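Descriptive structure summary
The lines below spell out each chain.
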Amino acid sequence: MPIYSGRDFGLAQYFVSIRVGTPGQKFIMIVDLGSELTWMKCRYHCGKNCSRKGRFRRQEGFLADSSSSFRTIPCFSRMCKTDLMNLFSLVACPTPLAPCAYDYRYLDSSATKGIFAKETVTLGLGNGRKTRLENVLIGCSNWIQGPSFDRADGVIGLGYSNYSFTAKATQNLEGQFSYCLVDHLSHANLSNYLIFGGRRSRSSLSPNMTYTHLELGIVGAFYAVNVVGISVGRVRLDIPMEVWDASKGGGTILDSGSSLTFLGSPAYAPVMAALKRSVSKFKSVVLDGVPMEYCFSSAEGFSENLVPKLVFHFADGARFQPHVKSYIIDAADGVRCIGIVEGKGPGVSIIGNIMQQNFLWAFHIGKGVVGFAPSTCT
């Protein structure tokens, strides 16, 4: 699937297009590594068995009644009552024929409500042909909350879960998928790909990439990595180890659905102090509506060469060194900000999509690793 930045939509997200249903209906979806559920704005006439009130415009959303492959999941089924509980399925079952409903919540307080169904999704293959994935779990949403969803048709959930889109698309591919995120300021005509399956043989790992262990099932459905420290300018910062310990409420995840990078308070303070020193000679700037703590004027004399290298260190010896533009980011004309936000302490730290940009990321769930390598993503 071509994957591109949401700059033209005014959103710091990444998007793909998919076709759902029979015949296929096309939708623009947010790519979310931290979400288990694939859902879209949807219209379904279920009569007296469920509410179909929504606030979408008439032309928006998936027309479920127009698809011959749309099948709802009964609310009295074990799948609804037990298997989908982690996807916020609701226990209410007004009649045996009522579809299984959900109230899906995100960490940033955005949310969506609707019903579960099985559907067919049409995808392109590397040889130019098409393939159809049948019985894909989707959410048919008739209510959403959150500004990121206003310009998108829904979310494609790539989380580590038996019911995520990843699980279905890679079930015969050893759980391999990859993406390369173009610069977040790129226009939509510049894209790379979200790929399911290996680029080479299914069991091989590329020698051109750095690999680190995935901590699967440790932090919910997220893809956690075992960060043990951060250095700035070759100086390892004094950060207590509990910040990185998932068993004590810490840990670190990779998330394509979060734009900025969040660090638990004990890590945030020393990282910010080190980065602020490198740009302290530039005039500080306050931008309204920007969640980042420190911004400065970069109109005169600023060069990325003045900023020390930021490095994430992993327990197995791997090192991730993002591009300077991924943590000293353009926020307005002539203004840059340190693109890191303070999370709850210790709390889970999040490596967001801007920090991941211009890198190829290759997930191999079967081997429990994720690989990364710098790339232009063009």
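So, here's what we can say about the structure. Numbers given for residues are sequential positions, taken from 1 along each chain in its written order. Two thresholds apply to this predicted model, a pLDDT of at least 70 for residue-level local features and 80 or more for giving and counting side-chain atom pairs, whereas whole-chain, interface and lining totals are computed over all residues. Just so you know, side-chain values use all the structure's heavy atoms and leave hydrogens and water out.

**Quick word on the nonpolar core**
Here is the rule: Nonpolar cores were defined as sets of buried Ala, Val, Leu, Ile, Met, Phe, Trp, Tyr and Cys residues, with membership established by side-chain atoms within 4.5 Å. Note on classification: 1.4 Å probe, protein chains only; a residue is buried when its accessible area is under 20% of the maximum for its type, exposed when over 50%, partly exposed between these limits.
One finds Phe 165, Ile 340 and Phe 363 to be the most contacted residues of the largest nonpolar core, which totals 81 residues. Core analysis: the next-biggest nonpolar cluster, separate from the first, contains 23 residues, Ile 30, Tyr 106, Phe 149 and Ala 152 among them.

**Side note on the packing of aromatic side chains**
The way to describe two aromatic rings as a pair is by their centre distance and the angle between their planes. Counted only if it meets this: Two rings from Phe, Tyr or Trp (for Trp, the six-membered ring) form a pair when their centres sit within 6.5 Å of each other. Planes less than 30 degrees apart are called stacked, planes more than 60 degrees apart edge-to-face, and all others tilted. We count a charge as sitting over a ring when the NZ of a lysine or the CZ of an arginine lies within 6 Å of the ring centre and within 35 degrees of the ring normal.
With the rule as written, the count across this model stands at 28 aromatic pairs. Grouped by ring-pair contacts, the aromatic residues Tyr 160, Phe 165, Phe 177, Tyr 179, Phe 196, Tyr 223 and Phe 363 constitute a single cluster. When the ring centre of Trp 143 is taken as origin, the NZ or CZ atom of Lys 113, which lies over that ring, is 4.8 Å away.

**Quick word on the sheet that holds strand S22 (residues 319-320)**
The line we're drawing: DSSP bridges decide pairing: two strands pair if at least two such bridges lie between them. Secondary structure is summarised from DSSP: a helix means a run of H or I of at least four residues, a strand means a run of E of at least two, and numbering begins at the N terminus for each.
An order of S16-S15-S21-S22 is seen for the four strands of this open sheet, with the pairing classed as antiparallel. Pairing within the sheet leaves two strands with one partner each, and these edge strands are strand S16 (235-236) and S22. As paired elements, strand S15 (residues 227-232) and S16 share two bridges and run antiparallel to each other. Looking across to S16, one finds that Val 232 is bridged to Val 235.

**Thoughts on the state of the cysteines**
Test applied: Any two cysteine sulfur atoms within 2.5 Å of one another count as a disulfide.
Overall, the coordinates contain five disulfides when judged by the stated rule. At a sulfur-sulfur separation of 2.1 Å, the disulfide partner of Cys 80 is Cys 100. Disulfide Cys 80-Cys 100: the torsion about the S-S bond is 80 degrees, which places it as right-handed. Residue Cys 80 is located in helix H1 (residues 78-83), and its partner Cys 100 is located in the loop between H1 and strand S7 (101-105); the two are separated by 20 residues in the primary sequence. Cys 100 shares its class with Cys 80; the two are buried. There is a disulfide in this structure between Cys 180 and Cys 377, and the S-S distance comes to 2.0 Å. Residues Cys 180 and Cys 377 are joined through a disulfide that is left-handed, its torsion about the S-S bond being -75 degrees. Highlighted residues: Cys 180 in strand S11 (residues 176-180) and Cys 377 in the segment after strand S28 (369-374), separated in sequence by 197 residues.

**Examining the sheet that holds strand S23 (residues 328-332)**
With antiparallel pairing, the four strands of this open sheet are ordered in space as S19-S20-S24-S23. Looking at which strands have only one partner, the edges of the open sheet turn out to be strand S19 (284-285) and S23. In the sheet, S23 pairs with strand S24 (residues 335-338) via four bridges, with the strands oriented antiparallel. Looking across to S24, one finds that Ile 328 is bridged to Ile 338.

**What to know about the environment of Gly 347**
Applicable threshold: Working rule for contacts: check all heavy atoms of both residues, and any pair within 4.5 Å makes them a contact.
Along the chain, Gly 347 turns up in the loop between strand S25 (340-343) and strand S26 (349-351). Between the C-alpha atoms of Gly 347 and Gly 366, which are 19 residues apart in sequence, the distance is 28 Å. Dropping the residues within four chain positions of it, Gly 347 is found in contact with Val 243, Gly 249, Gly 250 and Gly 251.

**Some thoughts on the environment of Tyr 106**
As for its placement among the helices and strands, Tyr 106 is situated in the loop between S7 and strand S8 (111-124). C-alpha of Tyr 106 to C-alpha of Tyr 163: the two residues are 57 residues apart in sequence and 17 Å apart in space. Among all residues touching Tyr 106, those that are not within four sequence positions of it are Asp 32, Ser 35, Trp 39, Ala 111, Phe 149 and Val 155.

Remember, this is a structural readout, not a statement about activity or role.
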